[in-house]
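Secondary and tertiary structure notes
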Amino acid sequence: MHPNEEVLETFYSAFKAHDPEKMTACYGKNVTFTDPAFGNIKGDRARAMWFMLIERGGSNLEISYSDIQANDYNGSAKWTATYLFGSKKRKVVNHVVGTFYFQNGKILQHTDHFNLWRWSRQAIGFKGLILGWSNAMKLKIQQQSSKSLSGYLQNMRSFKEETS
């Protein structure tokens, strides 16, 4: 197995085990993460996203993965997340293809590709079905994701300050 395949195996096995610390240890310091729901985020925001998603998914979050491939520079994997979303606890099954660029044995760039319309139909319901394909809905989803992540980061910082 190529060393970068081992990095991806570690990343996804940690995701499946709900271990964001082990996942994010696979990231380089200045990692860039991109997907349709969060847009483009970097560094600590990218790492905090995994903590938030795993915490919010709780015991309902199920992860499976397959087809890990990597070479000296890039790699890919397929993965599926099944979870309950939002206050209405709508079941979401999101099929994702992750692509990666590596540097010095760490993930430098991580892009997750999935169908945002399919996701929004499951997560949001009727409004997602009608508007999930539109750029306006994509922007609204990214704004809400960014707001949630900012709030989560603020709470993390408050907790760290209280426990120091």
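Heads up: the structure comes first, above all this text.
Only a predicted model underlies this, so the values are computations on that prediction, with no experimental measurement involved.

Some points on the pattern of salt bridges
Counting across every chain of the model gives 2 salt bridges. We note a salt bridge from Arg47 to Asp44, for which the minimum N-O separation is 3.2 Å. Pair noted here: Arg47 and Asp44 are both in helix H3 (residues 43–57), with a separation of 3 residues, about one helical turn. Of the charged contacts in the structure, one is a salt bridge between Lys78 and Asp67, with a shortest N-O distance of 3.4 Å. With Lys78 in strand S4 (residues 74–85) and Asp67 in strand S3 (residues 62–70), this residue pair connects regions lying 11 residues apart in the sequence. For Asp67, a relative accessible area of 41% corresponds to the partly exposed category.

Re the sheet that holds S3
With mixed pairing, 6 strands are arranged side by side in an open sheet as S2-S1-S6-S5-S4-S3. In the strand order of this sheet, the two ends are held by strand S2 (39–42) and S3, each with one partner. With strand direction ignored, the average angle separating the axes of adjacent strands in the sheet is 20°. Where strand S5 (residues 90–103) meets strand S6 (residues 106–113), 7 bridges bridge the pair, whose relative direction is antiparallel. Residue pairing for S6: Thr99 is matched across the bridge by Thr111. Of the strands in this sheet, strand S1 (27–35), S3, S4, S5 and S6 are in contact with helix H1 (residues 3–16), which crosses S3 at around 175°.

Section: H1
Helix length check: H1 (14 residues) gives 20 Å between terminal C-alpha atoms against 20 Å at 1.5 Å per residue, within 8%. Within H1, the full set of buried residues consists of Asn4, Glu5, Val7, Leu8, Phe11, Tyr12, Ala14 and Phe15. His18 occupies a position one or two residues after H1 and carries a positive phi of about 60°.

Quick look at H3
Taking 1.5 Å of rise per residue, the 15 residues of H3 would be expected to cover 21 Å, and the 22 Å separating its terminal C-alpha atoms lies within 8% of that figure. Taken as a whole, H3 has its buried residues at Gly43, Ala46, Arg47, Ala48, Met49, Trp50, Met52, Ile54 and Gly57. Where H3 ends, the next residue or the one after it, Gly58, has phi of about 50°, a positive value.

Analysis parameters
Numbers given to residues run from 1 along each chain, matching the order in which its sequence is written. Local features in a predicted model are, by the rule used here, given only for residues with pLDDT of at least 70; side-chain atom pairs are given and counted only at 80 or more, and totals for whole chains, interfaces and linings are based on all residues. Side-chain metrics in this entry use all non-hydrogen atoms of the structure; hydrogen atoms and water are not considered. Basic side-chain nitrogens of Lys or Arg form a salt bridge, by our definition, when they fall within 4 Å of a carboxyl oxygen of Asp or Glu. We count a stretch as a helix when DSSP gives it H or I for four or more residues in a row; a strand needs E for two or more, and each element gets its number in order from the N terminus. Only protein chains enter the calculation, and the probe is 1.4 Å; a residue is then buried if its accessible area is under 20% of its type maximum, exposed if over 50%, and partly exposed in between. Any two strands between which DSSP finds at least two bridges are classified as paired. Every axis in this analysis is a line fitted to C-alpha atoms, fitted for helices over the stretch in contact. Angles between the N-to-C directions lie between 0 and 180 degrees. Contacts are residue-level and defined by heavy atoms, with any inter-residue pair within 4.5 Å sufficient. A helix is expected to span 1.5 Å for every residue after the first.

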